[in-house]
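So the chains spell out like this:
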Amino acid sequence: MVGLAVVLAIIIFALVVLANTVVTVEQGYEVMLERFGKYVLTLTPGLHFVIPFAYKVRRRMNMMEHAIEIPSQEVITKDNATVTVDAIVFLVIVDAKKAAYNVADYVSTCQQLTLANVRSVIGQREFDTVLAERIKMNEEILQEIDSACETWGIKVTRVEIRDIRPPADLLQAMGEQKKADQEKRAKILTAEGDQQSQIKVAEGRRQAAILESQGKLEAAKNEAEAIKITAQAQADATRSVAEAIQGQGAAAVNYFLGQKYIEAMGKINPNAKIIMIPADFSTGVASIGGMAALLKGEDSPFAGGGK
């Protein structure tokens, strides 16, 4: 029994020694190795053998990029508007020794540092600017906390302000202002549309008036040209008649007057087969007689071939 107990004790001791001799470091982590409480070496991913009991693993540092939640907080802007802000910080440990020994708790420290910088950056801006310059504020906060975290072996890769929530009464006022701006813009657009429509109508009327005036002017020119052509034709006809009756004297004139007289009487009574000549128109009868004499004259240009 005593021998068995000794064997078991030896086995247990060997296992403990082996456990303290072999150190396995996972990928993405680094391990701080100390000897009698003093930092000696940083173990990288893989299998390592150390002197048991003299060397001891103290901290395992996550070397992968990870995110830290920044709790919500109320911040007062430059124009005394209170907003609730929360954020998230992305960081990566670039020096495991500094992150393990230069700061007690780098996660909590980064949170407090980010909260302080968020209050500072937002406090320098008015409320409208805070809503419009979120990207710029992210860059400013990133520069400040990255510079501070450098001494802790930490690289801050990105800062994102996730939400900016104004109070309910301010949200209602913003909604009413937005609605008023939209109504104002709609009225302006309507007024501009009416103005453009009136301008188009006036321009159309102006063009129509111009075209109508041009049409009347063209018609007047055409009418004047027609009158001119008609007058010229009448003058030519008169000249031709004058040339035709030249040398016949009064007889030829009487012939044409008698012809016109007969045409006029025919228009007065177009259905009459016999035209009655009043007795007191002796002059007209004489003219008709003169026409007959003229037609029978051999030298007349109006004489026919028959008798």
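Here is what the cut-offs are and how they apply
Numbering of residues starts from 1 in every chain and runs along the sequence as written. Where local features are concerned, this predicted model is filtered to residues with pLDDT of at least 70; where side-chain atom pairs are given and counted, the filter is 80 or more; whole-chain, interface and lining totals use all residues. Each side-chain value is worked out from all heavy atoms of the structure, with water and hydrogens disregarded. By definition, any uninterrupted DSSP run of H or I lasting at least four residues is a helix, any uninterrupted run of E lasting at least two residues is a strand, and each is numbered from the N terminus. Throughout, a residue-residue contact means that at least one pair of heavy atoms, one from each residue, lies within 4.5 Å. With residues, only the protein chains shown are counted as cover, and all accessible areas are computed by Shrake-Rupley using a 1.4 Å probe. Two aromatic rings from Phe, Tyr or Trp, using only the six-membered ring of Trp, form a pair when their centres are within 6.5 Å; if the ring planes differ by under 30 degrees the pair is stacked, by over 60 it is edge-to-face, and anything between is tilted. Lysine and arginine charges are scored as sitting over a ring when NZ or CZ, respectively, is within 6 Å of the ring centre and within 35 degrees of the ring normal. Burial classification: accessible surface area is computed with a 1.4 Å probe over protein chains only, and a residue below 20% of its type maximum counts as buried, one above 50% as exposed, and the rest as partly exposed. Strands are treated as partners if at least two bridges between them are detected by DSSP. To get an axis, a line is fitted to the C-alpha atoms, and for a helix only the part in contact is used. The angle between two axes follows their N-to-C directions and goes from 0 to 180 degrees. Definition of nonpolar core: a set of buried residues of the types Ala, Val, Leu, Ile, Met, Phe, Trp, Tyr and Cys, connected through side-chain atoms within 4.5 Å. Whenever Lys or Arg places a side-chain nitrogen within 4 Å of a carboxyl oxygen from Asp or Glu, that contact is recorded as a salt bridge.

Engineer: Would you mind going over the overall build of the protein chain in detail, with residue names and values included?
Structural biologist: Assigned secondary structure in the protein chain consists of 8 helices and 8 strands. Sequence separation of 24 or more characterises 63% of the internal contacts of the protein chain that already satisfy a separation of 6 or more. Per element, the accessible surface of the protein chain, about 21,100 Å² overall, is 58% carbon and sulfur.

Engineer: Which residues make up the packing of aromatic side chains, and what values do they have?
Structural biologist: Scanning the entire structure with this criterion turns up 1 aromatic pair. Against the face of Phe90 rests Arg158, its NZ or CZ located 4.2 Å from the ring centre.

Engineer: Break down unusual backbone geometry for me, with residues and values.
Structural biologist: Unlike most non-glycine residues, Phe36 shows phi in positive territory, near 55°. Inspection of the secondary structure puts Phe36 in the loop between β2 (29-35) and β3 (38-43). Look at Phe36 and you get exposed, because its relative accessible area is 70%. The residue Asn80 is not glycine, and still its phi comes out positive at about 65°. Looking at where Asn80 falls in the secondary structure, it is placed in the loop between β6 (66-76) and β7 (82-93). Taking the relative accessible area as the measure of exposure, Asn80 reaches 66% and is therefore exposed.

Engineer: Before we move on, can you summarise the sheet that holds β3 with the specific residues and values?
Structural biologist: Taken together, 3 strands build an open sheet; the order of strands is β3-β2-β5 and the sheet is antiparallel. Of all strands in the sheet, those with a lone pairing partner are β3 and β5 (55-62), marking the two edges. On average, each strand axis in the sheet is tilted by 30° relative to the strand beside it, whichever way the strands run. When β2 meets β5, the two strands line up antiparallel, connected through 7 bridges. Its bridge partner being in β5, Met32 is matched across the sheet by Arg59.

Engineer: Requested: an account of the nonpolar core, with residues and values cited.
Structural biologist: Formed by 36 residues in total, the largest nonpolar core has its most connected members in Met61, Val85, Leu91, Ile122 and Ile154. Elements represented by at least two residues in this core include exactly β6, β7, α2 (96-101), α3 (106-123), α4 (127-132), α5 (134-149) and β8 (154-165). Looking at which element gives the most residues to this core, the answer is α3, with 7 residues. If sequence neighbours within four positions are ignored, Met61 has contacts with Gly28, Tyr29, Glu30, Met32, Ile93, Ala96, Ala99, Ala100 and Tyr106. Listed in part, the 8 residues of the second largest apolar core include Val25, Val31, Leu43 and Val50.

Engineer: Tell me about the sheet that holds β7, and please be specific about residues and values.
Structural biologist: Spatially, β6-β7-β8 is the arrangement adopted by the 3 strands of the open sheet, whose pairing is antiparallel. The strands lining the two open edges of the sheet, one partner per strand, are β6 and β8. Direction aside, the axes of adjacent strands within the sheet are offset by 20° on average. Relative to β7, β6 is paired through 9 bridges, and the arrangement is antiparallel. Paired with Glu74 across the two strands is Thr84, which belongs to β7. Running over the sheet, α5 touches β7 and β8 and is turned about 145° from β8.

Engineer: Explain the pattern of salt bridges to me, using residue names and the numbers behind them.
Structural biologist: Tallying each qualifying case throughout the model produces 11 salt bridges. With a closest N to O distance of 2.7 Å, Glu34 and Arg58 form a salt bridge. Highlighted residues: Glu34 in strand β2 and Arg58 in strand β5, separated in sequence by 24 residues. For the salt bridge of Glu133 with Arg125, the shortest nitrogen-to-oxygen distance reads 2.8 Å. With relative accessibility at 26%, the residue Glu133 sits in the partly exposed group. By sharing partners, the salt bridges in this structure join Glu69, Asp86 and Arg162 into a single network.

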